[in-house]
Number of protein chains: 2
Amino acid sequence: MAKGPTVYHVAERAGVSIATVSFTFRQPDKVKASTRELVLAAAEELGYVPSASARGLARGRTGALGLFAYDYLLDPADGIRGDGQDPHEPAAADLERRNEDLRLFPLYVDEVQRGVELECWRRGQALLVGGGNPENNEAVLSDIAGRVDGLAVFPRSVPSEALARIARRIPVVEISESVHNRELDHVTVDNVSGVRAITEHLIAAHGLSELMFLGGMPSSDNDERLAGFLGALSDAGLPNTREPKYPCGSEQSVTEVVRAICEQGSLPDAFVCATDQDALVVMDALAAAGVNVPRDVAVTGFDGIAAGRVIRPSLTTVRQPMEQMGRTMVDLLLDRLDHPDKPPAAIRLPVRVILRESCGCQPG
Amino acid sequence: MAKGPTVYHVAERAGVSIATVSFTFRQPDKVKASTRELVLAAAEELGYVPSASARGLARGRTGALGLFAYDYLLDPADGIRGDGQDPHEPAAADLERRNEDLRLFPLYVDEVQRGVELECWRRGQALLVGGGNPENNEAVLSDIAGRVDGLAVFPRSVPSEALARIARRIPVVEISESVHNRELDHVTVDNVSGVRAITEHLIAAHGLSELMFLGGMPSSDNDERLAGFLGALSDAGLPNTREPKYPCGSEQSVTEVVRAICEQGSLPDAFVCATDQDALVVMDALAAAGVNVPRDVAVTGFDGIAAGRVIRPSLTTVRQPMEQMGRTMVDLLLDRLDHPDKPPAAIRLPVRVILRESCGCQPG
DNA sequence: TTGAAAGCGCTAACAT
DNA sequence: ATGTTAGCGCTTTCAA
């Protein structure tokens, strides 16, 4: 029992060759029914479980895909735990609070991951998941890379040199961030139309005119969202009066921006945020400043994370088809395996505006 | 580029033997510094990524662990999608609604999974995740089994014969459900103390006396929780007036039980529920019947899922250390690999009562 | 329809 | 300190 039965054991037991055992499992029709029964029975009795390592080696394919995501709970600054003590007692207070704050809902990443999982299982692929803090990032990543036929990654979850290296060996698909690496396959959403539509809604349905785009690190997604915003403004003949305030880098947090605006008493009519998480932060900051949403100012997000449905006021947003994006990543990977030489694909999925309370609507 | 560089290529390029290449990666100290540089450089230039299949085969260990969980979104009854149509357009309305209902928060499974992930990455183990609907369950499961050194499973996520078979070959650890299979390692929590404590709280702090235990499928966890409940009652000298009403099987849903009670106008002082999810259902049913919590009746849960913090009234519950449970599963697995002959372990982790609004307390 | 045999890429004795 | 070599368990021609 130490080492587990192999094809050899099964073959011996069934009185056939190892090739026949292999055939029985991979191409059951190629063996006579009676032989098949024999082999299957032997395998059953022995508790035979094929070794994926051996199979992978022999076939040159592992039959597994990988997913690598950053862990938004692990702050790069302070690593995975508060102290290096007992690995099982995470610096409780601190970590707990973080969990309370951030882990409330399935976020963007989780929902995409779910899509990846479901599609992998459906297509008979094993799925390896990786992640973690920047310290062991690369180790985990290249370990995974050696185990899979293709890799799905979230942007920035891994240094781009490491990614490039891996992409030389196996197909890699990146979600969003379409500009980042033009050699890779990508799946994105229609950021421009989404933000354009939600902005138009604010203007047309609520008669708002002084809108401010806010949030996020610069990224190609956010650039596109901003473009959609500006497009809607100009279509409506409105000036972008808040021009200097959009995508703020890390040196100026969203919270601080909002606080400053509140203190100056110079609220816009609406904050059009680059992501739902930004919008949540904005709403928190507004609440802290005693500003009422949507009465005093409207707020919109982008993503459609679950939290937006639950908070009060509920968040008007642009929903990305996250599960489908995950599934599409798997599609692309599997497709790429069969067609290594196709030009890089950039699938762009549609989005949907979801009107809730934070813009001033009163959803049913 | 088609097949990717191997040790042989690296060795040739660096002008050393393949063994030296191997050593360079596995035991860097065993090779002269200069040689090491040489090899590393060659590997870098070639874009070498070690094949985990080959390594696994040679070493007799894959270096990966598996996690298998049921997917609570996939109803066994109707499978993964409403129609068998386009795999990318899940029967939208239906699936969406489910997501709205169930996918609001990270549930028990998610939080445990998170612990497993973090611990795996920390310990340098790759992680394979499996799940899915009952149809491809077994296929996915045995596929995973062939790829890993050990497997963590949620109870009932897989037929027990299949599990037994796998357990013959690799260590398997089950979370909770300690009675189910006594050969396997288990990690559980102190269900009895938890429910006892929360029940005592209802009695002592709120002066309630007619309590009703409710919910869940029968399971060893729920049995223990019920035992804690009954223990607290008898300690307090209270009769279990609601005896016939506890763990209701599938033939009588929790919702129906609550509705019936409301219609009869025979509310107890409190519903002590077997899980948070049961408690949420109970609270929904009560709300639908116009019953106010906690004024008319108190409700408590068990688990400590995030949703309980967010709903109103917030849910008084017993929190399981879910992340830690996941980490512990990994511990057990890794430990078992080194000590195959140790007797089966059953780690029981402590729980914590969390007082919130649904019992009548006024937290924070 | 089945068997024989040559690898797949790497590790780990064992030699040198 | 490094090289030689024999597998690890399976797939897959090619023969029989």
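Higher on the page you've got the structure.
A brief look at the structure comes next.

1. Focus: the protein's contact with DNA strand C
Turning to step 1, where the next piece is worked out: In the neighbourhood of DNA strand C, 25 residues make up the surrounding shell, with T20 and T35 of chain A together with V7, S22 and R55 of chain B lying closest.
Turning to step 2, where the next piece is worked out: Of all atoms in DNA strand C that approach within 4 Å of the protein, 68% are sugar or phosphate atoms.
Turning to step 3, where the next piece is worked out: The separation between a base nitrogen of DNA strand C and a polar main-chain atom of A54 of chain B is 3.2 Å.
Turning to step 4, where the next piece is worked out: For the surface near DNA strand C, the elements supplying multiple residues, two or more each, are helix 2 (18–26) and helix 4 (52–59) of chain A together with helix 1 (7–14), helix 2 (18–26) and helix 4 (52–59) of chain B.
Turning to step 5, where the next piece is worked out: Here the surface near DNA strand C gets five residues from one element, more than from any other, and that element is helix 4 of chain B.
Turning to step 6, where the next piece is worked out: Classifying every residue of the surface near DNA strand C by side-chain character gives 14 nonpolar, six polar and five charged.

2. Section: the packing of helix 4 of chain A against helix 4 of chain B
Turning to step 1, where the next piece is worked out: Axis separation between helix 4 of chain A and helix 4 of chain B bottoms out at 8 Å; the angle between their running directions is 130 degrees. By the criterion of interaxial angle, the relationship of helix 4 of chain A to helix 4 of chain B is oblique. Between helix 4 of chain A and helix 4 of chain B lies a crossing whose hand is left-handed. Residues S53, A54, G56 and L57 of chain A of helix 4 of chain A touch helix 4 of chain B, and the partners they reach there are S53, A54, G56 and L57 of chain B.
Turning to step 2, where the next piece is worked out: Here the contact of helix 4 of chain A with helix 4 of chain B is composed, by residue class, of four nonpolar, four polar and no charged.

3. Notes on the nonpolar core
Turning to step 1, where the next piece is worked out: With 128 residues, the main nonpolar core has M329 of chain A together with M329 of chain B as its most contacted residues.
Turning to step 2, where the next piece is worked out: Those residues in contact with M329 of chain B that sit more than four places away from it in its chain are L67, V112, V116, A152, V173, I175 and V187 of chain B.

4. Quick notes on the packing of aromatic side chains
Turning to step 1, where the next piece is worked out: Tallied over the entire structure, the rule returns six aromatic pairs over all chains.
Turning to step 2, where the next piece is worked out: The interplanar angle of 55 degrees and the centroid separation of 5.5 Å between the aromatic rings of F25 of chain A and Y48 of chain A together place this pair among those described as tilted. Of this pair, F25 of chain A sits in helix 2 while Y48 of chain A sits in the loop between helix 3 (33–46) and helix 4, placing them 23 residues apart in sequence.
Turning to step 3, where the next piece is worked out: Relative to F229 of chain B, the ring of F213 of chain B has its centre 5.6 Å away and its plane inclined at 45 degrees; by these criteria the two rings are tilted. Note that F213 of chain B is positioned in strand 6 (residues 211–214) and F229 of chain B in helix 10 (residues 220–235), a separation of 16 residues in sequence.
Turning to step 4, where the next piece is worked out: Under the relative-accessibility criterion, F213 of chain B is labelled buried at 2%.

5. Focus: helix 14 (residues 322–338) of chain A
Turning to step 1, where the next piece is worked out: The end-to-end C-alpha separation of helix 14 of chain A is 25 Å, in line with the 24 Å expected for 17 residues at 1.5 Å each.
Turning to step 2, where the next piece is worked out: Among the 17 residues that make up helix 14 of chain A, 14 are buried, leaving the element largely enclosed by the rest of the structure.

6. With respect to the sheet that holds strand 8 (residues 298–300) of chain A
Residue and element names in this part refer to chain A.
Turning to step 1, where the next piece is worked out: The strand order across the open sheet formed by three strands is 6-7-8, and the pairing between neighbours is parallel. Sheet topology places strand 6 (211–214) and strand 8 at the edges, where each strand pairs with a single neighbour. Across this sheet, the average inter-strand angle for adjacent strands is 20 degrees, counted without regard to direction.
Turning to step 2, where the next piece is worked out: Pairing geometry for strand 7 (residues 270–273) and strand 8, over three bridges, is parallel. Looking at the pairing, F271 lines up with V299 of strand 8.

7. As for the environment of G66 of chain B
All names here are of chain B.
Turning to step 1, where the next piece is worked out: For G66, the location among the structural elements is in strand 1 (residues 64–68).
Turning to step 2, where the next piece is worked out: Using a relative accessible area of 2% as the deciding quantity, one classes G66 as buried.
Turning to step 3, where the next piece is worked out: Between the C-alpha atoms of G66 and A205, which are 139 residues apart in sequence, the distance is 44 Å.

8. Considerations on the sheet that holds strand 7 (residues 270–273) of chain B
Residue and element names in this part refer to chain B.
Turning to step 1, where the next piece is worked out: Pairing is parallel across the open sheet formed by three strands, whose spatial order is 6-7-8. Only two strands of the sheet have a single neighbouring strand rather than two, namely strand 6 and strand 8 (298–300). On average, adjacent strands in this sheet sit at an angle of 20 degrees to one another, irrespective of strand direction.
Turning to step 2, where the next piece is worked out: Sheet topology places strand 6 next to strand 7; four bridges connect them, and they run parallel. For F213, the partnering residue across the bridge sits in strand 7 and is V272.
Turning to step 3, where the next piece is worked out: Against the sheet, helix 10 touches strand 6 and strand 7, its axis set at about 170 degrees to strand 6.

9. Some thoughts on the environment of V272 of chain A
Residues and elements named next belong to chain A.
Turning to step 1, where the next piece is worked out: Inspection of the secondary structure assignment puts V272 in strand 7.
Turning to step 2, where the next piece is worked out: Taking the relative accessible area as the measure of exposure, V272 reaches 1% and is therefore buried.
Turning to step 3, where the next piece is worked out: Separated by 42 residues in the primary sequence, V272 and L230 place their C-alpha atoms 11 Å from one another.
Turning to step 4, where the next piece is worked out: In contact with V272, not counting residues within four places along its chain, are V195, T199, L202, M212, F213, L214, F229 and T300.

10. Considerations on the protein's contact with DNA strand D
Turning to step 1, where the next piece is worked out: For DNA strand D, the set of nearby residues contains 27 residues, the closest of which are V7, S22 and R55 of chain A together with T20 and T35 of chain B.
Turning to step 2, where the next piece is worked out: Each atom of DNA strand D within 4 Å of the protein was classed as base or backbone; sugar and phosphate made up 62%.
Turning to step 3, where the next piece is worked out: S17 of chain B places a polar main-chain atom, nitrogen or oxygen, 2.8 Å from a phosphate oxygen of DNA strand D.
Turning to step 4, where the next piece is worked out: A distance of 2.7 Å separates a phosphate oxygen of DNA strand D from a polar atom in the backbone of K32 of chain B.
Turning to step 5, where the next piece is worked out: When residues of the surface near DNA strand D are traced back to their parent elements, those giving at least two are helix 1 (7–14), helix 2 and helix 4 of chain A together with helix 2 and helix 4 of chain B.

11. Some details on the pattern of salt bridges
Residue and element names in this part refer to chain A.
Turning to step 1, where the next piece is worked out: For the structure on display, the rule yields 32 salt bridges over all chains.
Turning to step 2, where the next piece is worked out: R13 is the salt-bridge partner of E45, the closest N and O atoms lying 2.3 Å from each other. On the criterion of sequence distance, the pair formed by E45 in helix 3 and R13 in helix 1 is long-range, its members being 32 residues apart.
Turning to step 3, where the next piece is worked out: Taking the shortest distance from any N to any O, the salt bridge between R61 and D338 comes out at 3.6 Å. A residue pair is termed long-range when its members are at least 10 positions apart, and R61 in the loop between helix 4 and strand 1 (64–68) and D338 in helix 14 qualify at 277 residues.
Turning to step 4, where the next piece is worked out: For R61, a relative accessible area of 35% puts it in the partly exposed group.
Turning to step 5, where the next piece is worked out: Here D338 falls in the exposed class, since its relative accessible area comes to 52%.
Turning to step 6, where the next piece is worked out: Put simply, E119, R122, R123, E323, R327 and D331 are held in one network by salt bridges that share partners.

Rules behind the numbers
- Residues numbered from 1 in each chain as written.
- Chains lettered and ligands numbered in written order.
- Predicted model: local features only at pLDDT ≥ 70, side-chain atom pairs only at ≥ 80, totals over all residues.
- Heavy atoms only, no water.
- Near = heavy atom within 4 Å.
- Polar contact = N/O pair within 3.5 Å; in protein donor to acceptor, adjacent residues only side chain to side chain.
- Helix = DSSP H or I, 4+ residues; strand = E, 2+ residues; numbered from the N terminus.
- Nonpolar A, V, L, I, M, F, W, Y, C, P; charged D, E, K, R; others polar.
- Axes fitted to C-alpha atoms, helices over the stretch in contact; angles between N-to-C directions.
- Parallel < 35°, antiparallel > 145°, perpendicular 65-115°, else oblique.
- Left-handed = near helix turned anticlockwise from the far one by under 90°.
- Contact = heavy atoms within 4.5 Å.
- Core = buried A, V, L, I, M, F, W, Y, C linked by side-chain atoms within 4.5 Å.
- Buried < 20%, exposed > 50% of the residue type's maximum accessible area, 1.4 Å probe, protein only.
- Phe/Tyr/Trp six-rings, centres within 6.5 Å; stacked < 30°, edge-to-face > 60°.
- Expected span 1.5 Å × (residues − 1).
- Pairing = 2+ DSSP bridges.
- Salt bridge = Lys/Arg side-chain N within 4 Å of Asp/Glu carboxyl O.

Structural measurements only, silent on function.
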